[in-house]
Amino acid sequence: MTTLAACGSATTGSDDEDTLRVVASTNVWGSVAQAVAGDRIEVESLITEPSADPHSYEASPLDAAAISDASLVVYNGGGYDRFVEDILESGSGDPATVEAFALFESGEGSDLHAGHDHEDTHDTAGTHDAGTDDTAGRTGHSHDGHDHSGVNEHVWYDLATADAVAHAVADRLAELDPEGAATYEANAAAFHDNLHAVADRVASIAEAHPDAPIAQTESIATYLATAAGLRDEVPADFANAIENGTDPSPAAIAATRQLLLDKQVRALLYNPQTEDKVSREMRAAAEASGIPVVEVSETLPDGVDYIQWQTRAAEALASALDTES
């Protein structure tokens, strides 16, 4: 996705200084914000390149200025795009903010998960033993009665969180630009309806392939897998090491590789943006065994918006499981 200019038609006054500026940490949240802002405001996304890792991204002076001068900043939070929090905490500027992870933890702002159990989403989908959890002390949370114990900051694959972010953006923009309030509300409602269509497709996977075993090279798409009713069979030692940014032990690597060589799973979810020697070995083992590989990512491909991206991910996962059924 091309980074958009940080200016638009909505203003809080007659001067350019009063032009509303909306900045997002990544083009994922930029796309969600743009869906709500519509034609009134162009959203600037700071991270758009697949090679950039938000976990370790170092903000440039231009990035810092964009955040400090923004009217609204939309970011993931949860330690994922820490550079945004660092700039906000520096005291430069005082923009309104929408933090996706905080909305995820609150469990408020969406009806998309009503009645769906999301227990144990730290490292795995489903009920596979996650082993020792180094995030002990972080409290669980729920969306309309279902538990989200543990921590996984990759909340853009949680459709309810995207919905909550859209509504929060609409609320903040309405405060900043009252004349556009009706437009922002209508756009958020349309985005909500589109998310329901994606959620229905994901739910159909759960119906067709209940408790199907899968593997992930890392926990990027855990919320998608969980919503689809799938069970991640990756050993806890492997999953936790990847999540913590450390090398898995030789035993954990061997166990995960054997899982794939023995065809104990029906699909491998693979993040090509952060591939390394270990993940490439896992992919090679899956392909050697004829296990479908479903690529998942952290930024949007060029020319694709959030709804299209999530729809494609659900379709790819469904296709992989249909192939193996």
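The paragraphs below set out a description of the structure included in this document. Since we're looking at a predicted model, the values are computed, not measured.

1. A word on the sheet that holds strand β4 (residues 96-99)
Consideration 1: If you trace the four strands from one edge of the open sheet to the other, you get β2-β1-β3-β4, paired in parallel fashion. Edge strands, defined here as strands with exactly one partner in the open sheet, are β2 (43-47) and β4. Direction aside, neighbouring strands of the sheet carry axes that sit 20° apart on average.
Consideration 2: Across four bridges, strand β1 (residues 22-26) lies against β2 in parallel orientation. Considered in β2, the bridge of Thr 26 is made with Ile 47.

2. Considerations on helix α6 (residues 181-208)
Consideration 1: Its 28 residues give α6 an end-to-end C-alpha distance of 41 Å, which sits within 8% of 40 Å, the value for a rise of 1.5 Å per residue.
Consideration 2: Those residues of α6 that fall on the buried side of the exposure criterion are Tyr 184, Ala 188, Phe 191, His 192, Leu 195, Val 198, Ala 199, Val 202 and Ile 205.

3. Details of the pairing of strand β3 (residues 72-75)
Consideration 1: The alternating pattern of β3 places Leu 72 and Val 74 and Val 73 and Tyr 75 on opposite faces, both of which are buried.
Consideration 2: As paired elements, β1 and β3 share three bridges and run parallel to each other. Opposite Val 23, over in β3, you have Val 73 as the bridge partner.
Consideration 3: When β3 meets β4, the two strands line up parallel, connected through four bridges. When the bridges of β4 are listed, Val 73 appears paired with Thr 97.
Consideration 4: With helix α3 (residues 82-89) bridging β3 and the parallel β4, this β-α-β connection has right-handed handedness.

Procedures and definitions
Residues numbered from 1 in each chain as written. Predicted model: local features only at pLDDT ≥ 70, side-chain atom pairs only at ≥ 80, totals over all residues. Heavy atoms only, no water. Pairing = 2+ DSSP bridges. Helix = DSSP H or I, 4+ residues; strand = E, 2+ residues; numbered from the N terminus. Axes fitted to C-alpha atoms, helices over the stretch in contact; angles between N-to-C directions. Expected span 1.5 Å × (residues − 1). Buried < 20%, exposed > 50% of the residue type's maximum accessible area, 1.4 Å probe, protein only. Right-handed = clockwise from strand over helix to strand, strands pointing away.

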